[in-house]
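# Coordinate inspection notes
Below, each chain spelled out in residue letters.
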Amino acid sequence: MDNLERAAQETAPERDHAGEEEKLLRAARSNDWAETGLRDRPGFLIRRLHQIHTALFLQECASEGITPVQYSVLTALGQLGPSEQIVISRAVGLDRTSTADVMQRLEKRKLIRRRPSPTDGRSKIATLTEVGINLLQRVDEAASAAHSRTLEPLTAEARRELMQAMRTIVDAYPDLERKAN
C-alpha cells in the first residue's frame, strides 16, 4: 500500500475515533513523509529547516525566554544603534506589523526603549536599554550554540557551501516584500 492510500484510509470518515489519536501520533512519529515528493520541494525543506532551527534555538535559550526573531531584533539594534523601526524591519526581514508587535513585546520587557522620531512623528526610534544589552550578551553564546547545532550534521565544507548558497538566494531577491503570514 502506498502512502497516499494509507493516508486516505486513515482519513476515511468511517475510521474508528477511539484509535484516531493513536494513528495520528504514529503518523507524526513516522518518517513516511520522507518517501514523498515533499523532499524535492525547496520551500518545504526550508520551512522544515526553519522549524528545526527554531526548536534548537528555543532549547538553547530557554532560560532567557527569547525567540529567534526577538534575538534578531536585539542583535540588529546592538549593531546598528538607535534605529527607526522600518530600518530594523528591513534588517531583520520582517513586515512592519510584525516588527511593531515584536518591538512592543521587547519594550514591555524593558529590553528596548522607543520614542517618536524627531523628523517623522509617525515613526519611532528604538534603542537597546541596559537590560537589553545585558540580555543580548547572555544570549549570544546560547544562540551561537543553536546555530552550530543546526549545521552540526554537515561537514565543515558543506556548512560553508550551505551558508553561501543561502546568502546567494537571499541576495538575489533584495526587494521582495516582506508580508505577515
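Residues numbered from 1 in each chain as written. Predicted model: local features only at pLDDT ≥ 70, side-chain atom pairs only at ≥ 80, totals over all residues. Heavy atoms only, no water.

Now for the nonpolar core. One finds Ile 66, Val 73, Leu 74 and Ile 112 to be the most contacted residues of the largest nonpolar core, which totals 23 residues. When contributions to this core are tallied by element, the ones reaching two or more residues are helix 4 (68-80), helix 6 (96-108), strand 3 (124-128) and helix 7 (130-151). With six residues, the top contributor of residues to this core is helix 7. With residues up to four places along the chain from it excluded, the contact list for Ile 66 reads Phe 57, Leu 58, Cys 61, Tyr 71, Leu 74, Arg 109, Leu 135 and Val 139. (Core = buried A, V, L, I, M, F, W, Y, C linked by side-chain atoms within 4.5 Å. Buried < 20%, exposed > 50% of the residue type's maximum accessible area, 1.4 Å probe, protein only. Helix = DSSP H or I, 4+ residues; strand = E, 2+ residues; numbered from the N terminus. Contact = heavy atoms within 4.5 Å.)

So, about the sheet that holds strand 2 (residues 112-116). Read from one edge of the open sheet, three strands run 1-3-2, paired in antiparallel fashion. Here the strands that pair on one side only, and so sit at the sheet edges, are strand 1 (83-84) and strand 2. As judged from the two bridges shared by strand 1 and strand 3, these two strands associate in the antiparallel manner. Counterpart to Glu 84 in the pairing with strand 3 is Ile 125. Strand contacts of helix 6: strand 2 and strand 3, with the helix running at about 120° to strand 2, the strand carrying the most contacts. (Pairing = 2+ DSSP bridges. Axes fitted to C-alpha atoms, helices over the stretch in contact; angles between N-to-C directions.)

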